[in-house]
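Here's the letter readout for the chains.
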Amino acid sequence: MASAQFRSVRCTLPGVHAVEACSDHSFSRHTHEEFGIGLFVRGAQKSFSGRGMVEAGAGDLVTVNPGEVHDGMPIGDGVRSWRMLYLDPPVVGAAVRDVSEGRLMQLEFNEPVMHDARLPAAFVALYRAVTEPQIAAAGLAAEQELLRLMAQTLYWPRDRGADSASTSASAPASASARVRTPGPAGVLRARELIDDDPRAELSLDDLAQAAGISRFHLVRAFGRATGLTPHAYLVQRRIAMARALIARGTPLAEAAAASGFADQSHMTRIFVRKYGIAPAAYARACA
């Protein structure tokens, strides 16, 4: 008898809905109103899509466009599991306009299945950013990872996941010459905005406006200039602030709240990952 387990996961980014599934069920043809992009974790399936018959297995990304008729049936032992993000069209449209520097107004995924070793990590980074509220500055992380995944899938397979928006069947190659190359001054302004108050809930829009460039190009330029994404830099500034507070004898819960973390446990995880020692042990060493 066919069985299916589905779990709806609350997302921190408006317009995004997450689903985790494990099923041997064969789904009849249906449509969604949203864009869908997901990762197969286990097993395999074959399906009809508006772009042909396809097969997907563990490690593959699958996509669906709004209104696209598709189905799905298991291959092999019948059990397959996947994680799916459903994105409202305005969310995808805004990301596409940003990534393409306004050359594209809307996206339609070209491929129903993407076999690319680099894409699962990009999907998982976005999935975590929108489903784990304890991630520091979750809004900034979610925006950042959405843009990065859109950049990798927008022109796939032509660019094979390249982090670039310079070529497309819908945009002439010469258009890349018109893309502004952000200078260090813009990145410096964005960085100063974080440094001024690392506890602030900054969005990627806030940082991009300070830099005077698009959100997508800020992420790329910030990484080139600092070696970190804007979100990673913000987390680093917050954990450094927490470390200084703990060294001065501030109780751990207070240090977490004062430095912008969701709670003490979240601060502890970041602290151990960054410094290799628990905050409590560090506090005792500083006493």
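The rules behind these values
- Residues numbered from 1 in each chain as written.
- Predicted model: local features only at pLDDT ≥ 70, side-chain atom pairs only at ≥ 80, totals over all residues.
- Heavy atoms only, no water.
- Axes fitted to C-alpha atoms, helices over the stretch in contact; angles between N-to-C directions.
- Helix = DSSP H or I, 4+ residues; strand = E, 2+ residues; numbered from the N terminus.
- Parallel < 35°, antiparallel > 145°, perpendicular 65-115°, else oblique.
- Left-handed = near helix turned anticlockwise from the far one by under 90°.
- Contact = heavy atoms within 4.5 Å.
- Nonpolar A, V, L, I, M, F, W, Y, C, P; charged D, E, K, R; others polar.
- Salt bridge = Lys/Arg side-chain N within 4 Å of Asp/Glu carboxyl O.
- Buried < 20%, exposed > 50% of the residue type's maximum accessible area, 1.4 Å probe, protein only.
- Pairing = 2+ DSSP bridges.
- pLDDT = per-residue confidence, 0-100.
- Core = buried A, V, L, I, M, F, W, Y, C linked by side-chain atoms within 4.5 Å.

A. Inspection of the packing of helix H4 (residues 184–196) against helix H7 (residues 230–247) at higher detail. Their axes nearest at 10 Å, the elements H4 and H7 cross at an angle of 30°. If you check the angle between H4 and H7, you find them roughly parallel. Viewed along their axes, H4 and H7 form a crossing whose handedness is right-handed. Judged by residue contacts, Arg191, Ile194 and Asp195 of H4 engage Pro230, Tyr233, Leu234 and Arg237 from H7. Split into classes, the residues belonging to the contact of H4 with H7 amount to four nonpolar, no polar and three charged.

B. Structural detail: the pattern of salt bridges. Taken as a whole and assessed by the stated rule, the structure comprises 11 salt bridges. A salt bridge links glutamate 20 to arginine 7; its shortest N-O distance comes to 3.0 Å. Of this pair, glutamate 20 sits in strand E2 (residues 16–23) while arginine 7 sits in strand E1 (residues 4–9), and the two are 13 residues apart along the sequence. On the basis of relative accessible area, arginine 7 is assigned to the partly exposed category, the value being 46%. Between aspartate 205 and arginine 215 there is a salt bridge, and its shortest N-O distance comes to 3.9 Å. Here the residue aspartate 205 occupies a position in helix H5 (residues 204–211), and arginine 215 occupies one in helix H6 (residues 215–226), the gap between them amounting to 10 residues.

C. Representation of the sheet that holds strand E8 (residues 70–75) within the structure. Sheet architecture is open: four strands sit in the order E3-E8-E5-E6, paired in antiparallel fashion. Of all the strands in the sheet, just strand E3 (27–30) and strand E6 (52–57) have a single pairing partner and so form its edges. Ignoring which end each strand starts from, the neighbouring axes of this sheet average 20° apart. Taken together, the two bridges between E3 and E8 define a ladder with antiparallel strand orientation.

D. How the structure looks around the confidence of the model for the protein chain. Within the protein chain, residue pLDDT values average 82, and 87% of them lie at 70 or more. Here residues 160–182 is a poorly scored stretch, pLDDT under 50, and it has 47 contacts once near neighbours within four places are set aside; other chains count.

E. Representation of the nonpolar core within the structure. Ranked by size, the top nonpolar core spans 54 residues in total, and within it Leu85 and Leu218 carry the most contacts. When residues of this core are assigned to their parent elements, the largest contribution, nine residues, is made by helix H3 (residues 138–154). Non-local contacts of leucine 218, meaning those with residues more than four positions away in its chain, are made with Ala190, Leu204, Leu207, Ala208, Ala211 and Ile213.

F. Structural context of the pairing of strand E4 (residues 35–42). The element E4 is largely enclosed, with a buried count of six among its eight residues. Two elements, E4 and strand E9 (residues 80–87), share seven bridges in a ladder whose sense is antiparallel. Within E9, the residue paired with isoleucine 37 across the bridge is leucine 85.

G. The packing of H4 against H5, seen in detail. Axis separation between H4 and H5 bottoms out at 7 Å; the angle between their running directions is 135°. On the basis of their axis angle, the class for H4 and H5 is oblique. In the packing of H4 onto H5, the handedness of the crossing is right-handed. Across from Gly186, Val187, Arg189, Ala190, Leu193 and Ile194 in H4, the residues of H5 making contact are Asp206, Leu207, Ala210 and Ala211. By residue class, the composition of the contact of H4 with H5 is seven nonpolar, one polar and two charged.

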